[in-house]
Amino acid sequence: GIWPDGTVTYLESFYAKVETPMNLRLFPFDRQQLEFYFQTFGYRKNQLVLVPDLNLAGTWDRDMGIAQWKFEDYEQEERSAMVRILGGEVYPKSEFMATLHLQRQPMHFLLSIILPLLILVILSWTVFWLDEEGTSNRINISFIGILSVVAYYFVIQDRIPHINYLTLIDGFIIITFLILAASVVISIVVDKLNRSGRRETGDKLDYISRWAFPSIYLLSTMILAALFFAFS
């Protein structure tokens, strides 16, 4: 529309699918800062300036947001962008930048992925309450736990970012595998002690493992999380 004072109002709506690099080291507890850049085509800054207007910006609540993400803040500004044309000339253009601050909501991920893994690990620790004579059963339970976690990991592959650096969830899964492997080693050591007539030592090792494994697992996970949050 054209106003009496000469102001021209032009409204254009469009939908676009865009991609942006993300830092996913803290996944699924990550925060993202998404930046969008808009420029006019063919106009210099002394000819056309883009003016931000928060009143015309869509709101997160009105647009229903995005599943598993929480809106934190929205910023917009106009700035100059230097553009080089084919002839080599460099001139300023008006550039509009919008920044969207989001925080991932991890509850669904924790309930559907982390919790089942924790249950599998806790069930594998029942071997420390089995009798000495059930060595084969102990090892079978430990290996079944490892195979179950491996199978479950393949199932959830599509829900974990496929990137070339270690994330928080990757570190947690690695610790889970190591804890399960350690339970197999303990069962073998206890069997060796029983066969050599040192049954009391084997019973003591089982008793220590009952509280040591949960403590080590919890402590390792806390240290892992602290390191990721400190250096990411």
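Quick note: structure is the one above.
As the structure is a computational prediction, the values presented were derived from the model and not from experiment.

Draft legend 1. Representation of the overall build of the protein chain. Secondary structure assignment for the protein chain yields 4 helices and 3 strands. Written out in order from the N terminus, the α and β elements of the protein chain read β-β-β-α-α-α-α. The globule rule puts the C-alpha radius of gyration for 232 residues at 17 Å, and the 29 Å found for the protein chain is more than 25% above it. For the protein chain, the spread of C-alpha atoms along the principal axes amounts to about 100 × 40 × 25 Å. Taking all 232 residues of the protein chain together, 33% fall into the buried category. The long-range share in the protein chain, meaning contacts at least 24 apart out of those at least 6 apart in sequence, stands at 72%. Within the structure as shown, the protein chain displays about 15,800 Å² of accessible surface, and the carbon and sulfur contribution to it stands at 62%. In the protein chain, 19 positive and 24 negative side-chain charges are present, and the distance between their average locations comes to 7 Å.

Parameters at a glance
Residues numbered from 1 in each chain as written. Predicted model: local features only at pLDDT ≥ 70, side-chain atom pairs only at ≥ 80, totals over all residues. Heavy atoms only, no water. Helix = DSSP H or I, 4+ residues; strand = E, 2+ residues; numbered from the N terminus. Rg over C-alpha atoms; globule rule 2.2 N^0.38 Å. Buried < 20%, exposed > 50% of the residue type's maximum accessible area, 1.4 Å probe, protein only. Contact = heavy atoms within 4.5 Å. Areas by Shrake-Rupley, 256 points an atom, 1.4 Å probe, with all protein chains shown as cover. Lys, Arg positive; Asp, Glu negative; His and termini not counted. Charge placed at Lys NZ, Arg CZ, Asp CG, Glu CD.

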